[in-house]
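Structure at a glance
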Amino acid sequence: MSKIRNTPADDSSCGWFHLSPPRTARPPHFGVRSARWVVVGAGFTGLAAARQLALNFPDDEIVLIEAQEVGYGASGRNAGFAIDLPHDIGADDYIGDIKTAKISMELNLTGQSILKDLVEQHGIECQLRLCGKYQAAVEPRGIAVLDAYRLGLDKLGQEYEMIEEKDLPNHIGTPFYRKALFTPGTALIQPAALVKGLVNSLPSNVTLYENTPITEVQYGEKTVLTHEFGQIVADKVLLTNNAFAMSFGFLKGRMLPIFTYASLTRQLTEEEQARLGGRPYWGVIPADPFGTTLRRTTDNRLLVRNSFSFNADGRSNPKYLQRFIQRHKESFDRRFPMLPDVNFEYTWGGSLALSRNHMAHFGQLKDNVYGALCCNGLGITRGTVTGTLLADWLGGKKNHLIDFLLASPGPNRNPPEPILSAGVNMNLLWGQSRAGKES
Ligand SMILES: Cc1cc2nc3c(=O)[nH]c(=O)nc-3n(C[C@H](O)[C@H](O)[C@H](O)COP(=O)(O)OP(=O)(O)OC[C@H]3O[C@@H](n4cnc5c(N)ncnc54)[C@H](O)[C@@H]3O)c2cc1C
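The model shown is predicted, which means the values in this text are computed figures rather than measured ones.

1. Digging into the overall build of the chain
When helices and strands are counted, the chain shows 11 helices and 19 strands. The C-alpha atoms of the chain give a radius of gyration of 21 Å, which matches the 22 Å a tight globule of 439 residues would have. Each principal axis of the C-alpha atoms in the chain carries an extent, and together these give about 65 × 50 × 45 Å. Burial status across the chain gives 58% buried among its 439 residues. A separation of at least 24 residues holds for 77% of the contacts in the chain among residues at least 6 apart in sequence. Accessible surface, the chain: about 17800 Å² in total, of which carbon and sulfur atoms supply 52%. Of the charged side chains in the chain, 46 are positive and 44 negative, and the gap between their average positions amounts to 4 Å.

Below is the structure:
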């Protein structure tokens, strides 16, 4: 029996979670039970995997286990960009190998379309808008990124519009940016509302246990998952718990639990909306990866996301939250001087699972244990499609997307501690200071 040393502990201040329709969490598991399929982690990846297993194996019961409440983890606390386009930060034009980029885009679009269909089919109120995204720059380095990315998009045959400084306030209100690359295919969502809606519409042969952190695991012909109040014995286990899979003994020293932070304002008054100007809702991602993400939501709040910390245990740490509220406020004031009295109602952090080579794991981890892990900060679309395809692969289906994912080399190895922590922390500090005004 191996102890799971790190279990999730997110902060309680995520605006999306509190502003989404309340739901009653499903009861935790008590006692001992067995199941053919057990999925660990009910974020976008686990919800998609459980749903698809249920469809592929209609006579089986699928057990889905979540340590917290659904919507409380990273899937409910992200910035809500369901992104279509690939963005390979290792390539000069951010597109790189065209064949890989096309498959990557097909994966993202498949994930996006699965979500759009479910939202429509089940009437999920999650502010979904297919309104595209602006990638915006203020520093010369950022502008060079946009110019390079536009060449990559030409190569990929994708639509875009380059918007100059003087026209940008008509789009996003703020006159802060010098240039933006608009691409129309991204959908914006209220993430906690979406995951709560997804859970409420799971097929009837999925049994979800919330507030049930797995604390010990024993592998063998069957996998025994132990928690505070009992045990679940599984024929087959799917791990969809991102960086926490390292505590289950997999991809150890290959994933990086990096936290990033967001704040959401109160609703703007009509007068403030008029002062801001621009379109009624939009999303901006930074040209510099260490820069600031912004959103104006359909209910007229503004979101700011920036700042990173390396929380090696994958758990929230209040000291960072306190530190980054101030940075969010400074970023907000630089962009929205016309809204001096608008304060944040919520500030929270959440975990990304990153790998140094930007690769994910898909497929078998050991006998009867499988995983779709490490979606490198793009989990809304990527997690949805990889969870779905993992269940398809286990159901015996074959296609070129599954072949592509199975052929991935997966996350590469990190240097050992203490070099790792020192290196990651230095990189985060350096990246954030290099972002300059874009932070
Ligand atoms: C502030 C922020 C902004 C982001 N913005 C975006 C964005 O705009 N677009 C985008 O695509 N992505 C974004 N991301 C990343 C995105 O949230 C993740 O990629 C996504 O949540 C990954 O989904 P997942 O289902 O694989 O993992 P998670 O959402 O992390 O779900 C894994 C689940 O496993 C559970 N779990 C872990 N260990 C155990 C255990 N021992 N027992 C039981 N359950 C366990 C956790 O509680 C968790 O709910 C952002 C993230 C943050 C924090």
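2. Let's talk about the UniProt feature "domain: FAD dependent oxidoreductase" (unreviewed entry) in the chain
UniProt's feature table lists "domain: FAD dependent oxidoreductase" (unreviewed entry) at residues 37-393, given in the numbering used throughout. In residues 37-393, the share of helix is 31% and the share of strand is 27%. The end C-alpha atoms are 14 Å apart.

3. Quick word on the nonpolar core
Ranked by internal contacts, the top residues of the largest apolar core, which has 44 residues, are L47, L64 and L194. Filtering out sequence-adjacent residues up to four positions away, L194 remains in contact with F44, L115, V119, I124, C126 and I189. Counting residues in hydrophobic clusters, the runner-up holds 26 residues, among them A234, V237, L239 and M246.

4. Considering the site of the ligand
Around the ligand lies a shell of 36 residues, among which T45, E66, S75, F81 and G379 are the nearest. In this structure, S75 approaches the ligand through a side-chain N or O atom, which is 2.6 Å from an oxygen atom. Within the side chain of N242, one N or O atom sits 3.4 Å away from an oxygen atom of the ligand. Notes on the ligand: free accessible area 1000 Å², of which the protein chains cover 95%.

5. Details of the environment of R279
Assignment of secondary structure puts R279 in the loop between α7 (270-276) and β14 (282-286). Overall, the relative accessible area of 37% leaves R279 in the partly exposed class. With 108 residues separating them along the chain, R279 and H171 place their C-alpha atoms 5.3 Å apart. Beyond its immediate chain neighbours, meaning those up to four positions away, R279 contacts Y134, N170, H171 and R296.

6. Examining the state of the cysteines
By definition, a disulfide is the covalent link that joins the sulfur atoms of two cysteine residues. Applying the stated criterion to the full structure yields zero disulfides. Cysteine C126 is unpaired, with the sulfur of C131 as its nearest cysteine sulfur at 12 Å. Accessibility expressed as a relative area gives 2% for C126, which makes it buried. With no disulfide of its own, C374 lies 7.3 Å from the sulfur of C375, the closest cysteine sulfur.

7. Looking at the environment of F259
Topologically, F259 is positioned in strand β13 (residues 256-265). Its relative accessible area of 1% is what places F259 among the buried residues. Sequence separation of F259 and S307 is 48 residues, and the distance between their C-alpha atoms is 8.2 Å. For F259, the residues in contact, after removing those within four places along its chain, are D10, S307, F308, S309, N311, G314, R315, S316, G349, G350 and S351.

8. Comments concerning the side chain of S75
Relative to the helices and strands, S75 resides in the loop between β3 (62-65) and β4 (81-82). Within the structure, the side chain of S75 is placed 2.9 Å from the backbone nitrogen of F44, a separation counted as a polar contact. Leaving out residues up to four positions away in the same chain, S75 has contacts with G43, F44, P191 and V195.

9. Here's the deal with the sheet that holds β14
The mixed open sheet is built from eight strands, whose spatial order is β6-β7-β5-β14-β15-β16-β13-β17. Each edge of the open sheet is held by one strand with a lone partner, namely β6 (161-164) and β17 (344-354). Geometrically, the sheet is characterised by an average inter-axis angle of 25 degrees between neighbouring strands, direction not taken into account. Here strand β5 (residues 133-137) runs beside strand β7 (residues 179-183); their pairing, made up of five bridges, is antiparallel.

Parameters at a glance
- Residues numbered from 1 in each chain as written.
- Predicted model: local features only at pLDDT ≥ 70, side-chain atom pairs only at ≥ 80, totals over all residues.
- Heavy atoms only, no water.
- Helix = DSSP H or I, 4+ residues; strand = E, 2+ residues; numbered from the N terminus.
- Rg over C-alpha atoms; globule rule 2.2 N^0.38 Å.
- Buried < 20%, exposed > 50% of the residue type's maximum accessible area, 1.4 Å probe, protein only.
- Contact = heavy atoms within 4.5 Å.
- Areas by Shrake-Rupley, 256 points an atom, 1.4 Å probe, with all protein chains shown as cover.
- Lys, Arg positive; Asp, Glu negative; His and termini not counted.
- Charge placed at Lys NZ, Arg CZ, Asp CG, Glu CD.
- UniProt positions renumbered as here; feature names shortened; annotations may be inferred.
- Core = buried A, V, L, I, M, F, W, Y, C linked by side-chain atoms within 4.5 Å.
- Near = heavy atom within 4 Å.
- Polar contact = N/O pair within 3.5 Å; in protein donor to acceptor, adjacent residues only side chain to side chain.
- Disulfide = S-S within 2.5 Å.
- Pairing = 2+ DSSP bridges.
- Axes fitted to C-alpha atoms, helices over the stretch in contact; angles between N-to-C directions.

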